[in-house]
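# Coordinate inspection notes
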Amino acid sequence: AVMLGPLGSELTRYLDLLSVRQRLVSANLANLDTPGYRTKDIDFQFEFISAASTQSPNVIQPDGLVVKNDGNDVSLGRETRLLAENALRFNAAATLLKGEMRMVRRAITEGRNA
C-alpha cells in the first residue's frame, strides 16, 4: 500500500463521502414516487471537517423540502443537481489523488536511484 501524505488522506476521505452521498441520492431518486419516503443525505461539510472521520457519516433528513400529499419529500431537481455536483467533485478529487500518487511513486523511484 502506498503511504499518502495529509492531502492524500483528506482526498481519500472526501472520495468516501462522495460515494456515500452518491448512494443516498440514488436511493432518493429510486423512491421518487414512494409514498411517505423522506429524503436522506449527509451534512457534507460537517462530515468532512469532523474529527470523527473514521466513522460512517451520519445520515440526515434535510430541512426545508416540500412534502407532497403522500408524505414524500424527494425533489427531482435537487437530487439531479446533487448527482451532477457529486460527479464533478469526484472527478476533481480523483485527479488530485492521482497526482499525489504520482508524486509518491516518483519520490520512491528517485530514492532507489540515489
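Presented here is a report on the structure given in the accompanying data block. Everything numeric in this text was worked out from a predicted model, so none of it was measured.

## Structural notes on the overall build of the protein chain
Along its length, the protein chain carries 3 helices and 2 strands. Counting from the amino terminus, helix and strand elements in the protein chain follow one another as α-β-α-β-α. Looking at the protein chain residue by residue over its 114 residues, the buried ones come to 30%. Expressed as a percentage of contacts within the protein chain between residues at least 6 apart in sequence, the contacts between residues at least 24 apart total 67%. Within the structure as shown, the protein chain displays about 7,500 Å² of accessible surface, and the carbon and sulfur contribution to it stands at 57%.

## Comments concerning the pattern of salt bridges
Tallied over the full model, the rule gives 8 salt bridges. Put simply, R38 and D73 hold a salt bridge, and the shortest N to O gap is 3.2 Å. Highlighted residues: R38 in the loop between α1 (6–30) and β1 (41–42) and D73 in the loop between β2 (59–60) and α3 (76–113), separated in sequence by 35 residues. Residue classification places R38 among the partly exposed residues on the basis of a relative accessible area of 32%. Here D73 falls in the buried class, since its relative accessible area comes to 2%. Salt bridges linked by common partners bring R21, D41, R78, E79, R81, E85 and R89 together as one network.

## Side note on a positive patch on the surface
There is a patch of like positive charges on the surface, built from K98, R102, R105 and R106. In this fold, R102 is placed in helix α3. In this structure R102 comes out as partly exposed when scored by relative accessible area, which is 47%.

## Observations regarding the nonpolar core
What tends to happen in soluble globular proteins is that the nonpolar side chains get buried as a cluster. One finds L11, Y14, L15, L17, L18, V20, L24, I42, F44, A93 and L97 forming the largest nonpolar core, which totals 11 residues. Among the secondary structure elements, those contributing two or more residues to this core are α1 and α3. In terms of residue count, α1 provides more of this core than any other element does, 7 residues in total. With residues near it in sequence (within four places) discarded, V20 still touches I42 and P57.

## Quick notes on the environment of G36
Relative to the assigned elements, G36 resides in the loop between α1 and β1. Separated by 32 residues in sequence, G36 and K68 place their C-alpha atoms 8.9 Å apart. Apart from residues no more than four positions distant in its own chain, G36 is found in contact with D70, G71 and N72.

How each quantity is defined
- Residues numbered from 1 in each chain as written.
- Predicted model: local features only at pLDDT ≥ 70, side-chain atom pairs only at ≥ 80, totals over all residues.
- Heavy atoms only, no water.
- Helix = DSSP H or I, 4+ residues; strand = E, 2+ residues; numbered from the N terminus.
- Buried < 20%, exposed > 50% of the residue type's maximum accessible area, 1.4 Å probe, protein only.
- Contact = heavy atoms within 4.5 Å.
- Areas by Shrake-Rupley, 256 points an atom, 1.4 Å probe, with all protein chains shown as cover.
- Salt bridge = Lys/Arg side-chain N within 4 Å of Asp/Glu carboxyl O.
- Patch = residues over 30% accessible without salt bridge, like charges linked within 9 Å, V, L, I, M, F, W, Y side chains within 5 Å.
- Lys, Arg positive; Asp, Glu negative; His and termini not counted.
- Charge placed at Lys NZ, Arg CZ, Asp CG, Glu CD.
- Core = buried A, V, L, I, M, F, W, Y, C linked by side-chain atoms within 4.5 Å.

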